[in-house]
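Residue-level structural notes
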Amino acid sequence: MLFLTLSGSLIASPFYLSGDDAIADLGLVPVKPPTDIFKSSQPSTGNSLQWYRLDIELSQYSTHDWLMVFRQVPHKKLDVFVPTNGGYLLKKMGVDGSQSGIAPNAMKLEIKPGETKTYYLRHNSAPLNQLNPEFWPSLTYFEKLSEQRTTISSIQTLLIVALIFIFTLTLRNRTPALYLLISHMLAANVMILMWEGEVFRVISWLGDPGHWLLLMTTLVLVTGITSYRTLALLPIYSPKTDKLILSLNTLGIALATYAISTESTAPKATMELAAFSLLGSFTLVVFATAYCLYNGIRPAKMAFPSALIMLLLLSWSWYTEAWPRSLPTYSELLLLSLHAALLPLFYWHSHQQNLQHAMSISAIAPASRKRRIFETALRQHLQNPDSPLADIDVTQRILSTFEEVLPGIPAMVLHHQRNEWNIILRDTEDYSKTADNLRKQLPAIEDDLLNVISSGTETKINFKDRFGTIYWVFPLNIEADDKTLTVLAPLRHHRNATTWQTACDISSHACTLMQANRQSLFWQQQASLDPLTGLLNRRAFCQEAETIIQSSLMNNSTQPCCALFMDIDNFKQLNDQQGHNAGDQILKNTALICRKALRQKDLLGRYGGEEFVALLPNTEPWQAFRVAERVRNAIASEYAENNKWTNCKPITVSIGISALSSEANSLDRILEEADTAMYRAKQRGKNRTSISASLTDIRIPLS
């Protein structure tokens, strides 16, 4: 019974202080509040304060003064009860402790060689913020503290210089990447101040100081990872991976916030999961940057080795240090702080590389795919027309919209086709000087520009040339062999968020307008073509031919215009004997030969079955006869050389010619006369050209 009664007060052997090395990992075990301190009454046990007992024995041969050292980030509540004169003296070492002395986190042990004393610690415990004192020889600790302060002061100075440098760059180039970098460096500065601990003794904080340091360290990691993804243009070249990186960063912050805000024991596992989330995010950044480097993205040349080294060092530190833990070690603090000071150099190096080119390119990923609703006048200006327009008309309409909504900003359209650049300006505005300046610099940045454009029509591009001129570029069409871009050259007072957003919105609507107009033109063209031969069908041919004839009849003196009516000889026999596939092949080959033999201005269509018609504007009958003979001979020669059907009669064509006159003054009339002439050619033996009976031009050979 006596043993059981005394077992509650049994403690481990005293800590023996000797030699020149520090003693860490004391393995504190909580004890009940000591009765020798509280003589009259026991303290309340309903609070979160924990008590620890330390029995310390100093070697009789020790020549050092020894210190009990706590971490520099103070605890919210930490009291040390020092034995003195048969009692105990309270010394506060937490946030409410004294700031005097060379090290507020260290306390000298008033103990003589060969003596043993008992100290008590009272600590306000919090998750992820355990108490872990160490014993140090005073001389060794002060040497280490001096070196540590010198190193941290140097890094802080470097951070401040880098921060001033970035602020200077921001005044010239106000980009989201620089704002993000400033946030990263400010977070690193605050992290150092929190790690040193004095700020918590000066300012009264809510919550545990260690938790604030943990949260700030997480922000440093997240902003550093996000800076790398922006530097390597991951939102443009690896959009899916970039979204996963952002998701892991968000998860890491959420888990860290949950871990420091709960009172249970779960935060240990939660903090480990948060660390793995951030480590996984950083790993994805390294792989995605390597992918960009493989594809020749210049910023990735500097970002990849730096991110890889940072990932390896951070992983090694986290692997070698015992878990669970929350606060960064001294080596991790130096690593994160030094990295934050060096990261601006990578941005500066990338900026200097851009200055070596005619222009620097910044691709800006869209923040949102939602489009704002314009006022009524603007929506009417950009609405889809009732009938398809030519590309040049759509281009002028877009330029007119920019001039109406953003007056005074030079706007132009770049068209890249067949490896050539064409610049289109609005007819009523003179921006030729701006266009000439851009045209001179296009060859130098063509490859980079086309690579960035290929990432998608939603990409917005920011150019800055060596003279300081800014260009905003918005892709409208990015087909492989046909690219159309809208380019604005805003002056300094135009470069604001409102103007940028308005320009983005107009370009989005303009892109929709251009795509809808081209699709309408495509389907209109498809409805006008014969699906087998690709020629105009009968309806489309008659519509266009009627327009040409009406134009020829408008003048007082009728302009010459002739029609050819062509029919393939022996087609029915070949179709019956060889099948419809052979017949279709004959029709397609004949259409191709006719298209090559006719002139560019001539109108050609499939009239029906094996019949073809052609309208030859500004053509005399004798000229039309030569054209018809050229077509007939070309067809006869082609099938004579490449006749696949030996049991069938040769494939030839019979052609009839008619001309526009006072009697034959309509499309129906001249096609009827040409059809009659074609049947006359059939009756005379086929494979020949026959003219209408009304034609009496002596320059036409007898047929």
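An account of the accompanying structure is given in this report.

**Some details on the pattern of salt bridges**
Per the stated rule, a full pass over the model turns up 16 salt bridges. Note that D242 is salt-bridged to R229, the shortest N-O span being 2.4 Å. Taken together, the residues span a long stretch of sequence, with D242 in helix α7 (residues 239-261) and R229 in helix α5 (residues 209-231) at a distance of 13 residues. The salt bridge partner of E629 is R632, with a shortest N-O separation of 2.7 Å. Remark: R632 and E629 occur in helix α18 (residues 621-641); sequence separation between them is 3 residues, near one turn of the helix. Across this residue pair, the class does not change: E629 and R632 are buried. Salt bridges here are not isolated pairs; linked through shared partners, they connect K77, D79, K92, D96 and R122.

**Considerations on helix α17 (residues 580-597)**
Across its 18 residues, α17 extends 26 Å between first and last C-alpha, which sits within 8% of the 26 Å expected from 1.5 Å per residue. By the burial criterion, the buried members of α17 are A582, G583, I586, L587, T590, A591, I593, C594 and A597. Residues of α17 that are buried make contact with β16 (561-568), α16 (571-578), β17 (603-608), β18 (611-617) and α18.

**Quick word on the sheet that holds β17**
Strand order in this open sheet of 5 strands is β17-β18-β16-β19-β20, and the pairing throughout is mixed. Two strands bound the open sheet, and with one partner strand each, they are β17 and β20 (689-691). Recorded for the sheet is a direction-independent mean angle of 20 degrees between the axes of neighbouring strands. Inspection of the sheet shows β16 paired to β18 by 7 bridges, in the antiparallel sense. In the strand pairing of β18, M566 is matched with F612. Running at roughly 135 degrees to β17, helix α15 (residues 538-553) makes contact with β16, β17 and β18 of the sheet.

Cut-offs used in this document
Residues numbered from 1 in each chain as written. Predicted model: local features only at pLDDT ≥ 70, side-chain atom pairs only at ≥ 80, totals over all residues. Heavy atoms only, no water. Salt bridge = Lys/Arg side-chain N within 4 Å of Asp/Glu carboxyl O. Helix = DSSP H or I, 4+ residues; strand = E, 2+ residues; numbered from the N terminus. Buried < 20%, exposed > 50% of the residue type's maximum accessible area, 1.4 Å probe, protein only. Expected span 1.5 Å × (residues − 1). Contact = heavy atoms within 4.5 Å. Pairing = 2+ DSSP bridges. Axes fitted to C-alpha atoms, helices over the stretch in contact; angles between N-to-C directions.

Bear in mind that shape data such as this cannot, by itself, settle questions of function.
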